[in-house]
Amino acid sequence: MNVYFQTLGCKVNQYETQEMTEALTNCGYTISELSDADIVIVNSCTVTAESDRKVRQCVRHLKKLRPDYVLVLTGCASQADPSLFDELPEADIVLGNNTNLLLPETLEEFFASRKRILRVEKHTSAAEYKGCGITKFNEHTRAFLKIQDGCNRYCSYCIIPESRGRSRSKTPQEVRSEAAALAANGFSEIVLVGINLSDYGAGTDCSLPDAIEAASSPDCIKRVRLGSLEPDHLTDEMLERFSALPKLCEQFHISLQSGCDKTLKAMNRHYTASEYADLCDKLRRKFTDASLTTDIIAGFPGESEEDFLQTLEFVKKIRFEKVHVFPYSKREGTRAALMPQLLNAVKNERAARLSALAEDIRRDYLASQTGRRLEVLFERGCNGVFEGYTKNYTPVKLVSGEDMRGIITYVTITGSDGEACLAKL
Ligand code: SF4
């Protein structure tokens, strides 16, 4: 039988799609394009109201496209809201991110009975990390390796703790063997991901540097990159250990969300703007080529123009290499949804101002790389133009007569086109 995956959401969801893919292919299923599929699996996201809307639209559209598809809905949306089983009769099977791995036997059960199945289990506080691991990462040059799940934080705008449960982690030994399997399948770069990655090892005597060491252990793995991090988890001791790990990529994506202490408090974030700035200083002192990137929410409930100007000033001060800007999106079920909301026009106008500033800083950064000799892993390319990233995740474009995909090599930066650095071999 042919199976097609429609994956919505984050890197963790993409990893879990790979995990389900391998579980199914080990049972004789074939992964196919949508047009050839018998079974369609929607791996859903619920991070914003917009994500929720997309899940419903996607399920209805796919079933309308081919009513004979066996349609499976899984992931965070159904985990957080099992009543989607009633709301979406188009879905023949509804699982959650806690029961993903029961997919093979649940499909068998469905084909035997042809009755709709709802199988979503609530996360429990004592839950251990569950997973069967991956050996490859289809259609990617870099492999995402999930090492942690869940979050104990409860930021006031976030529903994820509801859909992902308490923080729990893989053991370093499990990370080591999975990295070895990926290396054996030709991967040279691994990206460690989690729901709250910097909380890796919470409740055990391990921490994130142990996972990086484990992922770095196979010789063929040349680079270990980190997914999104929380600032207040990054202790001085952790930074000290990071700096002793040669394969660790010097790119730190550390969620800021706001540069104003009053707004950070309302968000239930556990640090101040000056503590965040100190962390940036420490990282730039320890890693000469550190690239600092971040996420910021514009227009959070109660954010005044003065508060927002503090965030703008903060971004000017830190000069992030890249900023992902999100206009605040109200998410039912969160504390922030109960707060007085700003007008969409205000949110979007602030997001536009912040994005413009961040883009200016980024263009200056890309131009400042001219003349440097940098190591790049090229990932994709066509018509002789290849694209890849340096260790600190600076995008680079190269014109070459050779197929550069999957190759790590040094180039000289000759300029930038505002989106990426241009290079020559
Ligand atoms: S740290 Fe905050 S924003 Fe991140 S997943 Fe946890 S609750 Fe959500």
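Definitions and cut-offs
Residues numbered from 1 in each chain as written. Predicted model: local features only at pLDDT ≥ 70, side-chain atom pairs only at ≥ 80, totals over all residues. Heavy atoms only, no water. Pairing = 2+ DSSP bridges. Helix = DSSP H or I, 4+ residues; strand = E, 2+ residues; numbered from the N terminus. Axes fitted to C-alpha atoms, helices over the stretch in contact; angles between N-to-C directions. Contact = heavy atoms within 4.5 Å. Domains from an automatic or database assignment. Buried area = accessible area lost by both parts, 1.4 Å probe. Salt bridge = Lys/Arg side-chain N within 4 Å of Asp/Glu carboxyl O. Patch = residues over 30% accessible without salt bridge, like charges linked within 9 Å, V, L, I, M, F, W, Y side chains within 5 Å. Areas by Shrake-Rupley, 256 points an atom, 1.4 Å probe, with all protein chains shown as cover. Lys, Arg positive; Asp, Glu negative; His and termini not counted. Charge placed at Lys NZ, Arg CZ, Asp CG, Glu CD. Near = heavy atom within 4 Å. Nonpolar A, V, L, I, M, F, W, Y, C, P; charged D, E, K, R; others polar. Buried < 20%, exposed > 50% of the residue type's maximum accessible area, 1.4 Å probe, protein only. Expected span 1.5 Å × (residues − 1). Arc of directions from axis to C-beta. Core = buried A, V, L, I, M, F, W, Y, C linked by side-chain atoms within 4.5 Å.

Novice: Go over the sheet that holds strand S11 (residues 251-253) with me, naming the residues and quoting the values.
Specialist: The strand order across the open sheet built from three strands is S11-S12-S13, with neighbouring strands paired in parallel fashion. Edge positions in the sheet fall to S11 and strand S13 (322-327), since each has one partner strand and no second. Looking at each pair of strands side by side, their axes are set apart by 15° on average, direction ignored. Taken strand by strand, helix H13 (residues 344-368) contacts strand S12 (291-298) and S13, and its axis lies near 175° from that of S13.

Novice: Give me the lowdown on the domain arrangement of the protein chain, citing residues and values where you can.
Specialist: Assigned domains of the protein chain: these are domain 1 (2-119), domain 2 (143-367) and domain 3 (373-424). Taking only C-alpha atoms, the centre of domain 2 and the centre of domain 3 are 25 Å apart. Contacts between the two partners involve 18 residues from domain 2 and, on the opposite side, 17 residues from domain 3. Summed over both sides, the interface between domain 2 and domain 3 buries roughly 1300 Å², with carbon and sulfur atoms accounting for 49% of that surface. Of all residues in domain 2, Arg 223, Arg 225 and Leu 366 give up the largest surface area on contact with domain 3, accounting jointly for 44% of the area buried on that side. For the pair domain 2 and domain 3, the number of links is one salt bridge.

Novice: Give me the pairing of strand S14 (residues 373-382): which residues, what numbers.
Specialist: One ladder, built from five bridges, connects S14 with strand S17 (residues 408-416); its direction is antiparallel. If you follow Arg 373 over to S17, its bridge partner there is Thr 412. Of the pairings in the sheet, the one linking S14 to strand S15 (residues 385-390) comprises six bridges and is antiparallel in character. Looking at S15, one finds that Phe 378 is bridged to Gly 388. A loop of two residues connects S14 with S15, the two strands running antiparallel in sequence, and Asn 383 in this loop sits at a positive phi of about 50°.

Novice: Break down a negative patch on the surface for me, citing the residues and quoting the values.
Specialist: A surface patch of like charges, here negative, comprises Asp 261, Glu 275, Asp 278 and Asp 281. Among the elements that line the negative patch, the one with the most residues is helix H11 (residues 273-286), at three residues. As for its placement among the helices and strands, Glu 275 is situated in helix H11.

Novice: Give me the site of the ligand: which residues, what numbers.
Specialist: With respect to spatial proximity, the complete set of residues near the ligand consists of Cys 151, Arg 153, Tyr 154, Cys 155, Tyr 157, Cys 158, Ile 160, Pro 161, Asn 196, Glu 230 and Arg 269. Across the shell around the ligand, the residue classes tally to seven nonpolar, one polar and three charged.

Novice: Give me the side chain of Lys 247: which residues, what numbers.
Specialist: In this fold, Lys 247 is placed in the loop between helix H9 (236-242) and S11. Buried within the structure, Lys 247 lacks any salt-bridge partner; Asp 219 is the closest side chain of opposite charge, at an N-O distance of 5.1 Å. Apart from the residues within four sequence positions on either side, Lys 247 is in contact with Ser 216, Pro 218, Asp 219, Ile 221, Lys 222, Arg 223, Val 224 and Lys 391.

Novice: Tell me what's going on with the pattern of salt bridges, and back it up with residues and numbers.
Specialist: Using the criterion set out here, one finds 41 salt bridges in the structure. The partner of Glu 321 in a salt bridge is Arg 284, with the nearest N and O atoms 3.5 Å apart. Here Glu 321, found in the loop between helix H12 (305-318) and S13, pairs with Arg 284, found in helix H11; they are 37 residues apart in sequence, far enough to count as distant. According to the relative accessible area criterion, Glu 321 is buried, its value standing at 9%. A residue is classified by how much of its surface remains accessible, and Arg 284, at 30% relative accessible area, is partly exposed. For Arg 363, the salt bridge goes to Asp 360, with nearest N and O atoms at 2.8 Å. Placement of both Arg 363 and Asp 360 in helix H13 is noted, with a separation of three residues, approximately one turn of the helix.

Novice: Explain the sheet that holds S14 to me, using residue names and the numbers behind them.
Specialist: Judged by pairing direction, the barrel is mixed, and its five strands sit side by side in the order S14-S15-S16-S18-S17 before closing back on the first. When the angles between neighbouring strand axes are averaged without regard to direction, this sheet yields 55°.

Novice: Please give an account of helix H7 (residues 172-184) that cites residues and values.
Specialist: Between its terminal C-alpha atoms H7 stretches 18 Å, which fits the 18 Å expected from 13 residues at 1.5 Å a residue. Among the residues of H7, Pro 172, Val 175, Glu 178, Ala 179, Leu 182 and Ala 183 are the ones counted as buried. Looking straight down H7, one finds its buried side chains confined to an arc of 140°; they lie on one side. Among the exposed residues of H7, those pointing more than 90 degrees away from its buried face are Gln 173 and Ala 184. Elements that come into contact with the buried residues of H7 comprise helix H1 (11-25), strand S7 (142-149), strand S9 (189-194) and helix H8 (208-216).

Novice: Outline the nonpolar core, supporting the account with residue identities and numerical values.
Specialist: Counting residues in each nonpolar core, the largest one holds 63 residues, and the members touching the most others are Leu 192, Leu 208, Phe 242 and Phe 252. Top element by residues in this core is H11. It accounts for six residues. With residues near it in sequence (within four places) discarded, Leu 208 still touches Ile 147, Leu 197, Ser 198, Tyr 200, Leu 226, Leu 229, Met 238 and Phe 242.

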